[in-house]
Amino acid sequence: MSTLSKYLQIDGVAQTFRTATGDFPALRNIDLNVTKGEFVALIGHSGCGKSTLLNLIAGLTRPTEGTLLCANKEIDGPGPERAMVFQNHSLLPWLTCFDNVYLGVERVFGNHARIDGRAKESKAQLKERTDAALAMVGLTHASHKRPGEISGGMKQRVGIARALAMEPQVLLMDEPFGALDALTRAKLQDELLAIVAATHSTVVMVTHDVDEAVLLADKIVMMTNGPAATIGEVLHVALPRPRSRVALADDAQYQTYRKAVIDFLYTRQGHIEKT
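Quick look at the structure, then. All residue numbers here refer to positions counted from 1 along the written sequence of the relevant chain. It should be noted that, the model being predicted, local features are given only for residues of pLDDT at least 70 and side-chain atom pairs only at 80 or more, the latter also being counted only at that level, while totals for whole chains, interfaces and linings use all residues. Note that the side-chain values use all heavy atoms of the structure and ignore hydrogens as well as water.

**Details of the environment of Met136**
The test is simple: Segments assigned H or I by DSSP are reported as helices when at least four residues long, segments assigned E as strands when at least two residues long, and all are numbered from the N terminus. Burial classes follow relative accessibility: with a 1.4 Å probe on protein chains only, a residue under 20% of its type's maximum area counts as buried, one over 50% as exposed, and anything between as partly exposed. Contacts are residue-level and defined by heavy atoms, with any inter-residue pair within 4.5 Å sufficient.
You can see Met136 is positioned in helix α3 (residues 123–136). Look at Met136 and you get partly exposed, because its relative accessible area is 39%. Spatially, the C-alpha atoms of Met136 and Arg245 are 21 Å apart, while their sequence positions differ by 109 residues. Sequence-distant contacts of Met136, defined by excluding residues within four places in its chain, comprise Leu164, Ile195 and Thr199.

**Looking at the pairing of strand β7 (residues 170–174)**
Test applied: By this definition, two strands are paired if DSSP reports at least two bridges between them.
Of all five residues that make up β7, five are buried, and the element is covered over most of its length. Residue alternation in β7 divides its side chains into two sets, Val170, Leu172 and Asp174 and Leu171 and Met173, and both sets are buried. Bridge count for strand β6 (residues 82–85) against β7 is four bridges, and the pairing is parallel. Counterpart to Ala83 in the pairing with β7 is Leu171. Of the pairings in the sheet, the one linking β7 to strand β8 (residues 202–207) comprises five bridges and is parallel in character. In the strand pairing of β8, Asp174 is matched with Val206.

**Quick look at the nonpolar core**
What counts is decided by this rule: Each nonpolar core is a collection of buried residues, namely Ala, Val, Leu, Ile, Met, Phe, Trp, Tyr and Cys, held together in the definition by side-chain atoms within 4.5 Å.
With 56 residues, the main nonpolar core has Ile220 and Val261 as its most contacted residues. When near neighbours in sequence (up to four residues on either side) are disregarded, Ile220 contacts Ala41, Ile43, Ala213, Val214, Glu233, Val234, Leu235, Val237 and Val261. Counting residues in each nonpolar core, the second largest holds 28 residues, with Val13, Leu32, Ile57 and Val221 among its members.

**Section: α3**
Structurally, the α-helix is built with 3.6 residues per turn, so residues lying three or four positions apart point the same way. The cut-off we apply is this: A helix's residues, less one, multiplied by 1.5 Å, set its expected span. An arc is given here, and it is the one of the directions from the helix axis to the C-beta atoms.
End to end, α3 covers 20 Å across 14 residues, agreeing with the expected 20 Å (1.5 Å per residue, within 8%). Every buried residue of α3 is accounted for by Leu126, Arg129, Thr130, Ala133 and Leu134. Mapping the buried residues of α3 onto a view down its axis gives an arc of 130°, with all of them on the same face. Exposed residues on α3 whose side chains face more than 90 degrees from its buried face are Ala124 and Glu128. For α3, the elements touching its buried residues are α2 (97–109) and α4 (152–165). Among the residues trailing α3, Gly138 stands out with phi positive, at a value near 70°.

**So, the sheet that holds strand β9 (residues 219–223)**
Going by this rule: Where helices are involved, their axes are fitted lines through C-alpha atoms of the stretch in contact, as for all axes, and angles between N-to-C directions lie from 0 to 180°.
If you trace the six strands from one edge of the open sheet to the other, you get β6-β7-β8-β3-β9-β10, paired in mixed fashion. Of all strands in the sheet, those with a lone pairing partner are β6 and β10 (231–236), marking the two edges. For this sheet, the mean inter-axis angle between neighbouring strands, taken without regard to orientation, is 15°. Across five bridges, the pairing between strand β3 (residues 39–43) and β8 is parallel. Looking at the pairing, Phe39 lines up with Val203 of β8.

Structure follows, in structure tokens:
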């Protein structure tokens, strides 16, 4: 198998957390390959370890067992080649939209660039990168505003711009649209489709939304219920790109994929919340 088809490689990964009441096995036997430029959606019930797996890919935590590789290099901590977009936009409230994005750009391409083996860029180049990222998400007009002066959807756009501005090899997204209203969420999903098409980014996204997963992803990774969750099934979505939610609404193949995910989640992995 080529390097491109194993761009992100997860082999035999398990994650166990120590708690006051004993060890808690969150994940077990995770094996997954992500192709360069592929969009992968992780879906499953709450507590199935989706965010835990994403944090492992980000290097925010280390696995109890197994290995994770990105471009044939072991993931042993956070790095600029893997950028995270959280459900909470995580913006610094005292900085403008421009400065929130510039902060990440400067760290990757400015004073810290030499540490990572890259040539340091000028302030004009850093500004150009920042402006281009804000333009990509349609926020040039709001670059001077602070987070408290813009909507929730715009805040998420800034978070996406900050991640994209660092030119990551892998874009990691943890339910980035989960806290938004339905119309704003749909608009940002469509914008993300356009951005991924333009940047050819490799994306791994956590979602609870079946329609979001089918619309966006090339591959849907369905997780079994926790504890000790694992990958129950992988569904390859062969819908042609570019994709239009309006055109797909009555598409028979789209409905087949949607039904397959719903069947896995609510029939094979029927979940009763504990109260």
